[in-house]
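# Reading the structure
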Amino acid sequence: MNAAQIEVMSQVRVSSGHPVERLACHPRLPLVAGWDSERPGVHVWAHEASRLHEIASIGAESRAYGDAFGSDRERRTPTAAWHPDLPLLVVADEDHVVQWTPAGLSEPDGIPGAARYHSLAFSPDGRTLWASPSSSADADSAWESSDVLDLASATVSTGPRWDTGVAEHPAGGLVATLASDQGATFGLFARVDQDAENGSAAMRVLRRALILDADGYETPIFSTDGRHLAIRGNAYGNCLQVFEFPSLHSVLATTLGDPSPATHTRRSGSTKCGPGRGTTSRSRPMLLCSGSELRPGL
C-alpha cells in the first residue's frame, strides 16, 4: 500500500494539544482511548457521524513527565482496560485507579488502598477485573502474583503472575498473557474458571509456555480464526513475531523499525528481533510443556 491508497476518514484535535502516543479501541462499541504523549493522561473519543470527538480526558491536568518525574516516563505511563461489552474504561497509574463511563469519572468499589497497578484486563465476561502486580504482597514479591477483583461483590482475591495485557482466543475458554523478567518473557496460556466461592473469573495457568528473548512486549493478539498468535515489540526493538496456534511453531520474526518511546527508554543496550529463546538466532522458541493441551473452547 502506498500513500496514494490511504484515505483519511476522520481527524481529531486532542484537548491537551499534545500528540497521542497509542490507541486502544473498545472491542464492540465506537469508542477509542488514546494515551497523551506528554503527561500521564488518557483521552476518550466517540465515533459518530463519521467523525471522532473527545468526550472525556482522564489525568490531562497532570504535570508533564519531564516536569514531575525527570526522564523516567515509562514508570508513570497509565494502564487502561476496556470492558468487553459496556462503555466502561478503567485507568490506573501509580497513585490511583479510576473508571470512566458516560456518566463521568468515579473510583471502582473494592480497590485496595495499596494498589499500584501496572497492567489491567477484564475477564471475557466482564464481571472480573484482573490487575497486576498484587496489592497484598510486599514490594519484593508483589510481581509474583496478581489481584482478582470481583466487581459485583467488591472483593479481592489472589491470582497468578502476569504483567502484560490479556488476549482471549476467538473460540473462548482460553486466554494468553505474558510474564516478564529482565532476561526473558514467558508467554502464558490459561483457562478461565469461575470461582465457586465468590463467582469471580480466575485464570488457571496451563503448564505450557512460550519463552521469548528480552522483555517489554506488547499484549499478544490472536488472529480472527484463532490459528495464529502475534507478539509485537520488546524493550530493545520494535519486533513482530507470529506463531501457529496451538503448535506455537514460529512462522515469522521481523523488525518493524525503531522501538516506540514508551518502551525503548526502559533498558539500555539493543538486541535484534529473534524467533525466540535459544542458543542461536535460528533456533525456534522454546516450549515449556507438561500435560495440558492448548485447546480453546473447552
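Since the structure is predicted, the reported quantities are computational estimates derived from the model, not experimental observations.

## A closer look at the environment of leucine 210
- Tracing the chain through its elements places leucine 210 in strand S16 (residues 201-213).
- Exposure remark for leucine 210: the relative accessible area of 0% places this residue in the buried category.

## Things to note about the sheet that holds strand S1 (residues 20-25)
- With antiparallel pairing, the four strands of this open sheet are ordered in space as S1-S2-S3-S4. Strands with a single pairing partner mark the edges of an open sheet, and in this sheet they are S1 and strand S4 (51-58). On average, each strand axis in the sheet is tilted by 30 degrees relative to the strand beside it, whichever way the strands run.
- Inspection of the sheet shows S1 paired to strand S2 (residues 31-36) by four bridges, in the antiparallel sense. The partner of leucine 23 across the bridge, within S2, is glycine 34.

## Structural notes on the environment of glycine 173
- Position of glycine 173 among the secondary structure elements: in the loop between strand S13 (166-168) and strand S14 (174-180).
- Under the relative-accessibility criterion, glycine 173 is labelled partly exposed at 26%.

## Quick look at the pattern of salt bridges
- This model, assessed by the stated rule, comprises three salt bridges.
- Between arginine 204 and aspartate 193 there is a salt bridge whose closest N-O contact spans 2.7 Å. You can see arginine 204 sitting in strand S16 and its partner aspartate 193 sitting in strand S15 (residues 184-194), a full eleven residues away along the chain.
- Aspartate 193 gets classed as partly exposed once you look at its relative accessible area, which sits at 31%.

## Considering the nonpolar core
- In this structure, Phe189, Ile231 and Phe245 are the most contacted members of the largest nonpolar core, which totals 19 residues.
- Those elements that provide at least two residues to this core are S14, S16 and strand S18 (228-232).
- Sequence-distant contacts of phenylalanine 189, that is, excluding residues within four places in its chain, are made with Leu174, Val175, Ala176, Arg204, Val205, Leu206, Arg208, Leu210, Leu229, Phe245, Leu248 and Leu294.
- The next biggest cluster of nonpolar side chains, apart from the first, holds 14 residues, and it includes Ala56, Val91, Val98 and Trp100.

## Some points on the confidence of the model for the chain
- Across the chain, the average pLDDT comes to 81, with 74% of residues at 70 or higher.
- Element-level mean pLDDT values for the chain span from 42 in helix H2 (residues 261-264) up to 97 in strand S17 (residues 221-222).
- Scored below 50 in pLDDT, residues 260-272 makes 25 contacts in the model with residues more than four places away or belonging to other chains.
- Of the regions scoring below 50 in pLDDT, residues 275-292 engages in 47 contacts with residues more than four places distant in sequence or in other chains.

Basis of the calculations
- The residue numbers shown here count from 1 along each chain, following its written sequence.
- Restriction of local features to residues with pLDDT of at least 70 applies here, the model being predicted, together with a cutoff of 80 or more for giving and counting side-chain atom pairs; totals for whole chains, interfaces and linings are based on all residues.
- Derived side-chain values reflect all non-hydrogen atoms in the structure, with water molecules and hydrogen atoms excluded from consideration.
- Numbered from the N terminus, helices here are DSSP runs of H or I no shorter than four residues, and strands are runs of E no shorter than two.
- Three exposure classes are used, based on accessible area relative to the maximum for each residue type with a 1.4 Å probe and protein chains only: buried under 20%, partly exposed in between, and exposed over 50%.
- Note on pairing: two strands pair once DSSP finds at least 2 bridges between them.
- Angles shown run from 0 to 180 degrees and are taken between the N-to-C directions of axes, each axis being a line fitted to C-alpha atoms and, for helices, limited to the stretch in contact.
- For this analysis, a salt bridge means a side-chain nitrogen from Lys or Arg found within 4 Å of a carboxyl oxygen belonging to Asp or Glu.
- Note on terminology: a nonpolar core comprises buried Ala, Val, Leu, Ile, Met, Phe, Trp, Tyr and Cys residues joined through side-chain atoms within 4.5 Å.
- A contact between two residues is defined here by any heavy atoms of the two lying within 4.5 Å.
- What pLDDT reports is the predictor's confidence in each residue, on a scale of 0 through 100.

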